[in-house]
Amino acid sequence: WRDVPVDNNVVGRFAKITQPRFKQVFLESEKGLTEDALERALFLARKNMENAADQRLGEWAADLFFCSMSSRTIIYKGMLRSAVLG
C-alpha cells in the first residue's frame, strides 16, 4: 500500500477538513494468466474485500470504497469546480 500523492493547495478549508484518504495497492498477476482471467480475479478479490469489510467493520464499512481494481482502467476521482481547474 502507498498513500496517493495529493496536492490540496487549491481546495478550500471545508474541503481540506473533509478530504478523504486515498491508498493505492500494486498487484502482480500469476504467470500465464490471460487479461480476461486477470480482470475476473481482480473483480472477485475486490468483492471479497468489500464483503469482508462489511462483516468486520459494520457501519464503518460505508467509509471504505474501492474506485477500481482493474488492469485495464485507471479511475481518477475528484470533486472540484471547473473554475478551480482553469
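These numbers come from a predicted model, not from an experiment. (Residues numbered from 1 in each chain as written. Predicted model: local features only at pLDDT ≥ 70, side-chain atom pairs only at ≥ 80, totals over all residues. Heavy atoms only, no water.)

1. Quick word on the overall build of the chain
In step 1: From N to C terminus, the chain includes three helices and two strands.
In step 2: Reading the chain from its N end, one meets helices and strands in the order β-α-β-α-α.
In step 3: The proportion of buried residues among the 86 residues of the chain is 9%.
In step 4: Of all intrachain contacts in the chain linking residues separated by at least 6 positions in sequence, the fraction that spans at least 24 positions is 38%.
In step 5: Within the structure as shown, the chain displays about 8000 Å² of accessible surface, and the carbon and sulfur contribution to it stands at 53%. (Helix = DSSP H or I, 4+ residues; strand = E, 2+ residues; numbered from the N terminus. Buried < 20%, exposed > 50% of the residue type's maximum accessible area, 1.4 Å probe, protein only. Contact = heavy atoms within 4.5 Å. Areas by Shrake-Rupley, 256 points an atom, 1.4 Å probe, with all protein chains shown as cover.)

2. So, the side chain of Arg-46
In step 1: With respect to the element layout, Arg-46 can be found in helix 2 (residues 35–57).
In step 2: Judged by its relative accessible area of 18%, Arg-46 falls in the buried class.
In step 3: Contact partners of Arg-46, with chain neighbours within four places excluded, come to Phe-66 and Met-69.

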